[in-house]
Amino acid sequence: MALFDEIKQHFHIPHAFTDWEQYRNTLTDYLISHTDSFSVPLQFSQHMAENQIQPTLLVIGAGACNDLDLSRLMPHFSQITLLDNDKDALEAALINYHLEQCNRITLYTASLNGLTDKDYTLFCEQLSEFLRMQHLNGDAFSMKAFDDYTCRLLEHCLSKCTSHTIPLSESSYDYVWCFGVHSQLQSMFSYIYRVFEINLQKMYPDFTSSSKSHFENMLKKENDRFIPLFHDAILHCARQKVFIGLETSRQLLPDNDISFSPIDTTSIEGAYQGIIDIQKRHLNLQESSILWPFRPEDNLYYQMQIEEITLA
């Protein structure tokens, strides 16, 4: 198995569908109760079927839809579009909800920032080759040399992002749902770097990692650049409302009271920039929160802030 394939497996949460049942039901209830039963603008004809005047929904970063119940959403929307970079996960969502033959769900496989698994695979291979050649040549290990090389590779990858058009068309959906996406935009690069860092610590006893590397700063700057553009695209493609869910803190103690109330923010990379950018925009905004049981077996929960943005 290729290194990237092994790393990617760590992003799969095997019991998510079961563990997130209450969370999924709460979010599904929330979405249904905060959306209208008709589309805007409404071009009504007396011959139109009911599902032709129902609104449309886009779910960004849908994955396998472990956090939204598609079968319960279906009666409320004329069309649901699931967007994700992972085609297998999208197909798994249809299987999970027994909707393989449903013509009211569209699977949209696309990368938000232009990066794909091929880019991450190449990134891993090039880092591995760099370290292999150092070892074969008998070169003394230098953390600075490794960081410099890693940053050059990252810079090349991120240059692809700057020329990429975010795949969201203007006024295409009545409602847009985007939960837990912002924190994942750079997470793969961050995790790959961490895997190499851990292995280097094992290989070189004198190895010490920097507390804040140039590599991490580059990822942060990319979030600073991309997230406002991402929000522009989301706000332009929706007609009625946008729902954005952002992690504000990690919770190590479970809280069974999954309720909606405003909360303070702390810095989780990507999600933090998302909250700050939304606050700057002076939108018609309602905020609430929910506890996300991310991995309850490890006692790991996230406090999620829900940004409900009304456009119409």
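Before reading on, note that the structure itself is shown above.
Just so it is clear, the model here is predicted, and its values are computed rather than measured.

What counts and how
- Residues numbered from 1 in each chain as written.
- Predicted model: local features only at pLDDT ≥ 70, side-chain atom pairs only at ≥ 80, totals over all residues.
- Heavy atoms only, no water.
- Core = buried A, V, L, I, M, F, W, Y, C linked by side-chain atoms within 4.5 Å.
- Buried < 20%, exposed > 50% of the residue type's maximum accessible area, 1.4 Å probe, protein only.
- Helix = DSSP H or I, 4+ residues; strand = E, 2+ residues; numbered from the N terminus.
- Contact = heavy atoms within 4.5 Å.
- Phe/Tyr/Trp six-rings, centres within 6.5 Å; stacked < 30°, edge-to-face > 60°.
- Lys NZ or Arg CZ within 6 Å of the ring centre and 35° of its normal.
- Pairing = 2+ DSSP bridges.
- Axes fitted to C-alpha atoms, helices over the stretch in contact; angles between N-to-C directions.
- Expected span 1.5 Å × (residues − 1).
- Arc of directions from axis to C-beta.

Novice: Requested: an account of the nonpolar core, with residues and values cited.
Specialist: The biggest cluster of nonpolar side chains holds 63 residues, and the ones touching the most others in it are Ile60, Ile80, Leu82 and Trp177. Counting residues per element, this core draws most heavily on helix α10 (residues 214-237), which supplies seven residues. Not counting residues up to four positions away in its chain, the partners in contact with Leu82 are Val59, Ala62, Cys65, Leu70, Leu90, Ala93, Ile105, Thr106, Leu107 and Tyr108. The next biggest cluster of nonpolar side chains, apart from the first, holds 28 residues, and it includes Phe4, Cys124, Met143 and Leu153.

Novice: Please set out the packing of aromatic side chains residue by residue, giving values where relevant.
Specialist: Taken as a whole and judged by the stated rule, the model has 24 aromatic pairs. A ring pair is formed by Phe4 and Tyr120, whose centres lie 5.9 Å apart and whose planes are at 20°; its orientation type is stacked. Of this pair, Phe4 sits in helix α1 (residues 3-9) while Tyr120 sits in helix α7 (residues 117-136), and the two are 116 residues apart along the sequence. On the basis of relative accessible area, Tyr120 is assigned to the buried category, the value being 9%. Through a chain of ring-to-ring contacts, three or more aromatic side chains come together here, namely Phe4, Tyr120, Phe123, Phe146, Phe189, Tyr193, Phe196 and Phe215. The ring of Phe17 is capped by Arg24, whose NZ or CZ atom sits 4.0 Å from the centre of that ring.

Novice: An account of the pairing of strand β5 (residues 238-251) is needed here, citing residue identities and associated values.
Specialist: Along any regular strand the residues' side chains alternate between the sheet's two faces. For β5, the tally of buried residues reaches 11 of 14 residues, placing the bulk of the element in the interior. Two strands pair when backbone bridges link them, and strand β4 (residues 173-179) and β5 are joined in this way by six bridges, in the parallel orientation. Bridge pairing in β5 links Tyr173 to Ala238. In the sheet, β5 pairs with strand β7 (residues 300-310) via 10 bridges, with the strands oriented antiparallel.

Novice: Can you lay out the sheet that holds strand β3 (residues 105-109) for me, pointing to particular residues and giving the numbers?
Specialist: Strand order in the open sheet formed by seven strands is β3-β2-β1-β4-β5-β7-β6, with mixed pairing between adjacent strands. In this open sheet, the two edge strands, each paired with only one partner strand, are β3 and β6 (285-295). Put simply, the sheet's adjacent strands are angled 20° from each other on average, direction ignored. Summarising the sheet, β6 and β7 pair through nine bridges and their orientation is antiparallel. The residue bridging Leu291 from the neighbouring strand is Gln303, located in β7. Those strands touched by helix α6 (residues 87-96) are β2 (79-84) and β3, and its axis lies near 165° from that of β3. Sheet strands in contact with α10 are β1 (56-60), β4, β5 and β7, and its direction is about 140° off that of β5.

Novice: Give a detailed account of α7, specifying residues and quantitative values.
Specialist: Here α7 is 20 residues long and its end C-alpha atoms lie 28 Å apart, about the 28 Å a rise of 1.5 Å per residue gives. Along α7, the residues that are buried comprise Asp119, Tyr120, Phe123, Cys124, Leu127, Phe130, Leu131 and Gln134. End-on view of α7: buried residues confined to an arc of 140°, all on one side of the axis. Across from the buried face of α7, at angles greater than 90 degrees, the exposed residues are Lys118 and Leu136. Structurally, α7 contributes buried residues whose contacts are with α1, α8 (143-162), α9 (187-203) and α10.

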